[in-house]
Amino acid sequence: MTIQEKQQEIIDEFAIYDDWMDKYEYIIELGKSVPTLAPELKTKERLIEGCQSNVWLATELKDGKMHFSADSDAIITKGIIGLLIQVYNNESPAAILQSELFFINQIGLAEHLSPTRANGLLSMVKRMKTEALQSLAQ
Amino acid sequence: MAPTTFSVSAIRELFPALRQKVYGKQLIYFDNGATSQKPQVVLDTLQQYYALENANIHRGVHYLSQQATSAYEAARRTIQHYIGAKAPEEIIFTKGTTDGINLVAYSFGERLKPGDEILISAMEHHSNIVPWQLLCERKGCTLRVIPISKKGELDLHAFEELLSERTKLLAITHISNTLGTINPVKELIEKAHKVGAKVLLDGAQSIQHLSIDVKELNCDFYTFSGHKVFGPTGIGILYGKEELLDSMPPYQGGGDMIAKVTFERTTYNTLPLKFEAGTPHIAGAIGLGSAISFLQSIDMQAAAAHELELTKYAQGILDTFEGLHIIGEAKNKTSVVSFTIDHMHPFDIGTLLDKQGIAVRTGHHCTQPLMDFYQIPGTVRASFAFYNTKEEIDIFVAALERSMQILGA
């Protein structure tokens, strides 16, 4: 599946929820199912400090594909992280760099990626792309 | 003055923002500590000013300029009388509380010398910490911090120990924005004065809840923001005792604050204009005057009693929630209920409450040292104004229960 298709899949999944609380219940469930980052991986370098919640992002390049694992102290943030990882995992650095992230807007979660929200998510997306760029340069 | 009355339902009618729905739910606005909603009369004043009275003030010879100048100066006098200042010269228009504190830090701060001490408390907003840290760096002064108890009350014994002849300024919040604690400022001011220190009160959270009389408090400076007291954003007040303000150098240079400018030497305008460089926020000042006049039409004692009742009601219910901890349990506190819930992040609770139409604040509330003291990342804070109701608290409680259920399941 391409990044485009994966995003469309998430949009379709969310289409069944017309109530905000149902949507968030789903995100929270997702947040709970995302594996916790091992404490030794929660280093200062991996920390993306937000005003509201913190995010830790660990990246690995294996066989030319990016693998992300991430964690947050807030479960809603973690649920959205789960979605982002779903979209970007196992993709080549080039594909990630070329991609446009549109599902977040489509499912009505744009506020979480707004610069004013300060929950670390916007910085996390930026860092995912930076790390993809660095992998490409290597 | 018009007779004062207090009816919550009548007051709510005056605030258009309270009538709206968000996410299809009736808005419940419990973020009054951050900013208050505006009554129609303030909105009308702003509209009227820009529509018909707009002109630059103080130097214009034409009709509109004179109208705008008198409205601006009338607002100053309204505020002067409301807080019990001796003269309009003691009322400086600023951008807000932060601006007022910075003005004092720069201007009054000029007289400080290495070894001098500034005393603050552990419950200060960043705005009443950072300007003093900057001043200490500039002047080689030392910042001292009055500790607090777990309940959120000042350690008065420690305060007295910290006071000395080196203390040049006590800069302290009247009411904590995070805890709601009302500090015993009269006692603090008296004791600080005994060692010769001046006192600045951060009134950002007190002007909208208490009747303020700066003469009776005998504080040297009192500063607050217009937007937290039902007025516009971008305008605030610094009150200072006239002789003290008079002895301080200007903070910013520009128009309005000068008497005569030559390239060799500039003489400054007299108070209060000495501290109002550039075209001020005229509309904001007039709007703030209108907000204060609005307050004068309300029985503030009854309003405060109502707010206190709301606080007790909310705390009484929240206290029964398992795993919920109220942060800030001072005996004397205002309408702020800050809390944490075991294993639940404030951000998650705030987000779920938002989706149910309830506006609260989450996070560290710009009081990170205070969060460090309690060893928590932040709190959920509901802060009430006199337009809030018990019914709203009931809806908030039900929404909180639902949020906890979703997060805990």
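The numbering scheme is per chain: residues are counted from 1 as the chain's sequence reads. As they are written, the chains are lettered A onward and the ligands numbered 1 onward, keeping that order. Only residues with pLDDT of at least 70 are given local features in this predicted model, and only at 80 or more are side-chain atom pairs given and counted; all residues enter the totals for whole chains, interfaces and linings.

### So, the environment of B:Leu154
Residues and elements named next belong to chain B. Helix numbering and strand numbering both begin at the N terminus, where a helix is a DSSP run of H or I of at least 4 residues and a strand a DSSP run of E of at least 2. Turning to its location among the elements, leucine 154 is positioned in the loop between strand S6 (142–146) and helix H6 (156–162). Exposure criterion: with C-beta atoms placed from backbone coordinates, a residue whose C-beta has 20 or more other C-beta atoms within 10 Å is buried, one with 12 or fewer is exposed, and one in between is partly exposed. Judged by the 23 C-beta atoms lying within 10 Å of it, leucine 154 falls in the buried class. Between the C-alpha atom of leucine 154 and that of glutamate 322, which follows or precedes it by 168 residues, the distance is 28 Å.

### Examining the pairing of strand S2 (residues 55–62) of chain A
All names here are of chain A. Pairing between strand S1 (residues 47–48) and S2: 2 bridges, direction antiparallel. Within S2, the residue paired with leucine 47 across the bridge is tryptophan 56. Where S1 hands over to S2, the hairpin turn is made up of 6 residues, counted between the paired strands. Alignment of S2 against strand S3 (residues 65–72), held across 8 bridges, turns out to be antiparallel. Across the sheet, residue valine 55 finds its bridge partner in S3, namely serine 72. Whether two strands pair comes down to DSSP finding at least two bridges between them. Between S2 and the antiparallel strand that follows it, S3, lie 2 residues; aspartate 63 among them carries a positive phi value of about 50°.

### Remarks on the packing of helix H4 (residues 97–107) of chain B against helix H5 (residues 130–139) of chain B
Residue and element names in this part refer to chain B. Contact pair H4 / H5: the axes reach a minimum separation of 9 Å and the direction vectors enclose 15°. Judged by the angle between their axes, H4 and H5 are roughly parallel. Here H4 runs over H5; the crossing is right-handed. Contacts between H4 and H5 involve Ile101, Asn102 and Ala105 on the former and, on the latter, Pro131, Trp132, Leu134 and Leu135. Residue polarity is assigned by list, with Asp, Glu, Lys and Arg as charged and Ala, Val, Leu, Ile, Met, Phe, Trp, Tyr, Cys and Pro as nonpolar; anything else, Gly included, falls into the polar class. When its residues are assigned to classes, the contact of H4 with H5 shows 6 nonpolar, 1 polar and no charged. With axes taken as lines fitted to C-alpha atoms, and helix axes fitted only over the stretch in contact, angles between N-to-C directions fall between 0 and 180 degrees. Comment on the angle field: the value is read as roughly parallel under 35 degrees, roughly antiparallel over 145, roughly perpendicular from 65 to 115, and oblique elsewhere. Whether a crossing is left-handed or right-handed is set by the direction in which the near helix is turned from the far one by less than a right angle, anticlockwise for left-handed and clockwise for right-handed. In this description, any two residues whose backbone-derived C-beta atoms lie within 7 Å of each other are considered to be in contact.

### Thoughts on the interface of chain B and chain A
How big an interface is tends to be stated in terms of the accessible area lost upon association of its parts. Of the residues lining the interface, 13 residues belong to chain B; the matching set on chain A comes to 14 residues. Elements represented by at least two residues in the side of chain B that touches chain A include exactly helix H12 (346–355), strand S16 (361–363) and helix H14 (390–408) of chain B. It is H12(B) that provides the largest number of residues to the side of chain B that touches chain A, a total of 5 residues. The class makeup of the residues in the side of chain B that touches chain A is 6 nonpolar, 5 polar and 2 charged.

### A word on the sheet that holds strand S9 (residues 221–225) of chain B
Residues and elements named next belong to chain B. Reading across from one edge, S4-S10-S9-S8-S7-S5-S6 is the order of the 7 strands in this open sheet, with mixed pairing throughout. Two strands close off the open sheet at either side, each with one partner strand: strand S4 (91–94) and S6. Neighbour to neighbour, the strand axes of the sheet diverge by 20° on average, direction disregarded. Relative to strand S10 (residues 236–240), S4 runs antiparallel, the two sharing 4 bridges. Its bridge partner being in S10, isoleucine 91 is matched across the sheet by tyrosine 239.

### A few points about helix H7 (residues 185–194) of chain B
Residues and elements named next belong to chain B. Along H7, the residues that are buried comprise Val185, Leu188, Ile189 and Ala192. Down the axis of H7, the buried side of the element spans an arc of 100°, and every buried residue falls inside it. Facing away from the buried side of H7 by over 90 degrees, the exposed positions are Lys186, Glu187 and Lys194. Of the surrounding elements, those touching the buried residues of H7 are H6, strand S7 (167–173), strand S8 (198–202) and helix H8 (214–217). Directions are taken from the helix axis to each C-beta atom, and the arc is the one they span.

### Quick notes on the packing of helix H11 (residues 300–318) of chain B against H14(B)
All names here are of chain B. Axis separation between H11 and H14 bottoms out at 10 Å; the angle between their running directions is 25°. On the basis of the axis angle, H11 is roughly parallel to H14. Here H11 and H14 pass one another in a crossing that is right-handed. Residues Leu310, Tyr313, Ala314 and Ile317 of H11 lie in contact with H14, whose contacting residues are Lys390, Ile393 and Val397. Along the lines of polarity and charge, the residues of the contact of H11 with H14 split into 6 nonpolar, no polar and 1 charged.

### Concerning the nonpolar core
Residue and element names in this part refer to chain B. Formed by 135 residues in total, the largest nonpolar core has its most connected members in Leu170 and Tyr239. In terms of residue count, the dominant contributor to this core is helix H10 (residues 282–296) (9 residues). For each domain, the first and last residues come from an automatic or database assignment. When we break this core down by domain, the ones giving at least three residues each are domain 1 (8–30 + 299–408) and domain 2 (44–296). When near neighbours in sequence (up to four residues on either side) are disregarded, leucine 170 contacts Leu119, Leu188, Ala192, Ala197 and Val199. By convention the nonpolar core is taken to be a set of buried residues drawn from Ala, Val, Leu, Ile, Met, Phe, Trp, Tyr and Cys and joined through C-beta atoms within 7 Å.

### Topic: the domain arrangement of chain B
All names here are of chain B. Taken as a whole, chain B is organised into domain 1 (8–30 + 299–408) and domain 2 (44–296). Each of domain 1 and domain 2 has a C-alpha centre, and these two points are 29 Å apart. Every contact between the two is made by 21 residues of domain 1 and, on the other side, 20 residues of domain 2. Going through the elements one at a time, H11, strand S14 (336–341), helix H13 (368–374) and strand S17 (379–383) are the ones with two or more residues in the side of domain 1 that touches domain 2. Partitioning the side of domain 1 that touches domain 2 into residue classes produces 9 nonpolar, 8 polar and 4 charged.

### A short note on the sheet that holds S17(B)
All names here are of chain B. Read from one edge to the other, the open sheet built from 4 strands follows the order S13-S14-S17-S16, with strand pairing classed as antiparallel. Single-partner strands in this sheet number two, and they are strand S13 (324–327) and S16. Strand-to-strand twist across the sheet, computed as the mean angle between neighbouring axes with direction ignored, equals 30°. For S14 and S17, the ladder comprises 4 bridges, and the chain directions are antiparallel. If you follow valine 336 over to S17, its bridge partner there is serine 383. Relative to S14, H11 is tilted by about 15°, and along the sheet it contacts S13, S14 and S17. Lying over the sheet, H12 contacts S14, S16 and S17, oriented at roughly 160° with respect to S16.

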